[in-house]
Amino acid sequence: MGNGKSAGFSLLLSSTLQMPNAQCPTNVQYPMPNLNFSLLEKIAASLPGVIFQVLQRQNNLFVVFVSSRCQELCELEPEAIQNNFQVLLNLLQPQDIQIFSDLFITSNTTNTANITIAPWCWEGKIITPSSKIKWVQISVHPEKQANGDILWEGLVMDITARKLTEENLRATEGRYKALAEKFSKAFRCSPDPITISTLAEGRYIEVNDSFVRLTGITRDEAVGKTSCELGIWVNPSDRTQLLHELETKGAVNNLEFEFRCQSGQIIITQLSAEIIDWEGVKCILAINKDITKRKQAELELYQLNINLERQVEERTAQLQQKMQEIQELSRIKDVMLHTVSHDLRTSVIGNLMVLNNLIEGKKTAQAGDSPTSLAIPDSIVQRMIQGNERQLGMIDSLLEINAGDTKALIMHQEEVKFDTLIKAIIQDIASLLDKYQAKLKNFIGDNLPIVKADQELLRKTFVALLTYSCQNNPPGLNITLKAKIADGKIHCTIQDDGIGMNKQECDRFFDLHIRNPQSRSSTSTCLKLYMCRQIIKAHGGEISAIHNRKRGLTFLFTLPIVTG
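The text that follows walks through the structure, step by step, so that each part is easy to find. Being a predicted model, the structure only gives us computed values, none of them experimental.

Turning our attention to the sheet that holds strand S6 (residues 194–198). Strand order across the open sheet formed by 5 strands is S7-S6-S10-S9-S8, with antiparallel pairing between neighbours. With one partner strand each, in any of the chains shown, strand S7 (204–207) and strand S8 (251–260) form the two edges of the open sheet. Sheet twist, expressed as the average angle between the axes of neighbouring strands with direction ignored, equals 30°. Pairing of S6 with S7, which is carried by 3 bridges, proceeds in the antiparallel orientation. Pairing of Ile196 across the sheet is with Glu206, part of S7. Across the face of the sheet, helix H7 (residues 160–189) comes into contact with S6, S7 and strand S10 (281–290) while running at roughly 110° to S6. Where helix H11 (residues 236–249) meets the sheet, its contacts fall on S6, S8, strand S9 (266–278) and S10, and the angle it forms with S8 comes to roughly 170°.

Structure below.
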């Protein structure tokens, strides 16, 4: 049909159908067909859609009947549609009005000489007054009356649910199609062999290219045959185990099996499988990962570990033998040290006895008891005595250091109040202080906590420190004792006002080192200072020497407090 004809019919709808029946000219009569409207209304109310009748007389259209279902479908009252047919056209989308008009034009013609009518059906969207979008289907059947009028009878159905279902179905089909394409690509491109076989027989339905590359069996050779017929399972009982796992769990992951390639090579794969439905048949979707090289590497690593363990055992035995040799050498060294020290000690003690007897004999002769022929000056004898005493002290220090370095320092610890321990030590060293005319002030209070210490070893530590201070300073040295509690330890200081030393000397004060000939400390004293550090560390503390700003030296050591 031409655009002129469509435009003419649109004009007919917009002019004729907008006219309410109440406004029709009173002098014109419109005979209606003999219709039972009461029966029609009852039938219409029971139908799921909206039925209607439209009468076309010449160039005029009249809405004869609209069922009450139009309230539910179009949200319009029947009277409103009968009074103004344009309200129905307003529900159509703009692009559908022309299509709707063309259907009327196609179904009839205004040429009274040759009128052609035909049924038609139209589907489209409407927008209700509440802005709801609905799909409707309009089925129309025109019937020519005896007087030349045309009666249009039709049914309007709400097909929104059907359209939504169709759209969802198309979307679902699209998703499944895309998923199938993705699975197909993954199946073909996977680097791991993938197979689909029947659950009951193990007959291959599909295999990918990776399966062909790994096994050497072509797709045509595999599809349609069972895995047993192809001789793939090295141990047929493995398939029985796989079926049992699948029937129990529905899926399996990372099971290791041995398979035979077409060349006869045995490979090890890690199999993951799941039961799927393939066109109504239960099948197995299986993915195999070739781990043959990994297993070979694990075996080689296992052999390397065994060899390494054997080498470690051999090396350990060699080290144990060397340790036994070292222990034997150490035992020989101890024997030699004790032998030499014994002989030297015997000689020194003998010299001391002789020299002391000479001194006593001279004193007796001077008293007039008996004559004497001693011609050795007293100063020389005194120096001999002092030298022998130093040698004897050095020997004792060597023995103590050797004992401390070769085995753990043996201590006899007991719980004691620190201030009580200090008072006892001060009483023991009173003669030492008198010998060097030193003065000691004790500022350690009576409220210090309990420590666990070897009293004899701590006494030796105090004696060594005070001996150093007294021997290396002029007579009249002032010494101060102080103590405080910090960080769960007792911090004790021994401070003098004598000659100080630089930081480097303080840092290595308690180290075991070869004495410098110009040093003011004797070898024996150095050895005893080294033992002081060993004793304090054995008690769980620290010891250091600190240079005072003005003059003198401070010894600081710590001892842990007994808790609980």
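Evaluated as defined, the whole model comprises 10 aromatic pairs. The interplanar angle of 85° and the centroid separation of 4.9 Å between the aromatic rings of Tyr468 and Phe509 together place this pair among those described as edge-to-face. Of this pair, Tyr468 sits in helix H16 (residues 455–471) while Phe509 is found in the loop between helix H17 (503–507) and helix H18 (523–538), placing the two residues 41 residues apart along the sequence. For the pair Tyr468 and Phe509, one class covers both residues: buried. Members of the aromatic cluster, joined through ring pairs, are Tyr468, Phe509, Phe510 and Phe555. One cation-aromatic arrangement involves Lys163 over Trp135; the distance from NZ or CZ to the ring centre is 4.6 Å.

Membership of the largest hydrophobic core comes to 41 residues, with the highest contact counts inside it found for Phe418, Ile479, Ile494, Phe509, Phe510 and Phe555. Setting aside anything within four residues of it in sequence, one finds Ile494 in contact with Phe462, Leu465, Leu466, Ile479, Thr480, Leu481, Leu553, Thr554, Phe555 and Phe557. Phe52, Val54, Ile81 and Leu89 belong to the second largest nonpolar core, which has 26 residues in total.

Parameters at a glance
Residues numbered from 1 in each chain as written. Predicted model: local features only at pLDDT ≥ 70, side-chain atom pairs only at ≥ 80, totals over all residues. Heavy atoms only, no water. Pairing = 2+ DSSP bridges. Helix = DSSP H or I, 4+ residues; strand = E, 2+ residues; numbered from the N terminus. Axes fitted to C-alpha atoms, helices over the stretch in contact; angles between N-to-C directions. Contact = heavy atoms within 4.5 Å. Phe/Tyr/Trp six-rings, centres within 6.5 Å; stacked < 30°, edge-to-face > 60°. Buried < 20%, exposed > 50% of the residue type's maximum accessible area, 1.4 Å probe, protein only. Lys NZ or Arg CZ within 6 Å of the ring centre and 35° of its normal. Core = buried A, V, L, I, M, F, W, Y, C linked by side-chain atoms within 4.5 Å.

Everything listed here is a matter of geometry and, on its own, says nothing about what the molecule does.
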